[in-house]
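Residues per chain, in single letters:
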Amino acid sequence: MDPCDASSPITTHVLNTSDGVPAARLPLSLHKLDVHMMIWNLLTVGTTDDEGRCAGLISSDAFSPGMYKLRFETRQYWESLGQICFYPYVEIVFTVTDLEQHLHLPLLLSRFSYSTYRGR
């Protein structure tokens, strides 16, 4: 599956709020918790596009209820811009119960802070 396919039930959009631009080429990964082993299983990796989006991280067929984690490699992103940051990565952990809902998880990012919310 193309990790930037818009038909995915989970999408994200990362904005560099320090510079007022999309966070392009930021590496990220999607994981799912194995509740029996209590370990995170890597599902896919991707990179944001020039608009800061990575739309398709999981196919509808692979999407199931459970706890997921989106991990953003923020240190790599800031270093690629020749800058340092306080948070080397950001992890957003969330629970999926309704498979009919689309989950959009934006990340607002600066070198020393971040914020997220559930979008539409």
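Here is a short report on the structure shown in this document. (Residues numbered from 1 in each chain as written. Predicted model: local features only at pLDDT ≥ 70, side-chain atom pairs only at ≥ 80, totals over all residues. Heavy atoms only, no water.)

1. Remarks on the packing of aromatic side chains
We count it as follows: Aromatic pairing here means that ring centres of Phe, Tyr or Trp (its six-membered ring) are within 6.5 Å. Orientation follows from the plane angle: under 30 degrees is stacked, over 60 is edge-to-face, and everything else is tilted. Accessible area is worked out with a 1.4 Å probe on protein chains only. A residue is then buried under 20% of its type maximum, exposed over 50%, and partly exposed in between.
All chains considered together, the criterion is met by five aromatic pairs. Seen from their ring centres, F86 and Y87 are 4.9 Å apart, and the 85 degrees between their planes marks the pair as edge-to-face. Residue classification places Y87 among the partly exposed residues on the basis of a relative accessible area of 31%. In textbook terms, an aromatic cluster arises when at least three aromatic residues are bridged by ring pairs, as seen for F63, Y68 and F94.

2. Considerations on the nonpolar core
Our working rule: Only buried Ala, Val, Leu, Ile, Met, Phe, Trp, Tyr and Cys residues count toward a nonpolar core, and they belong to the same one when joined by side-chain atoms within 4.5 Å. Segments assigned H or I by DSSP are reported as helices when at least four residues long, segments assigned E as strands when at least two residues long, and all are numbered from the N terminus. Every residue pair with non-hydrogen atoms within 4.5 Å of one another is taken to be in contact.
Among the nonpolar cores identified, the biggest contains 24 residues, and I10, L30, Y68, L70, F72 and F94 are the most heavily contacted of them. For this core, the secondary structure elements donating two or more residues are β1 (10-16), β3 (27-34), β6 (66-72), α1 (74-80), β7 (90-96) and β8 (103-109). L30 has contacts with I10, N41, L42, L43, T44, L57, I58, Y68, K69, L70 and F94, leaving out every residue within four places of it along the chain.

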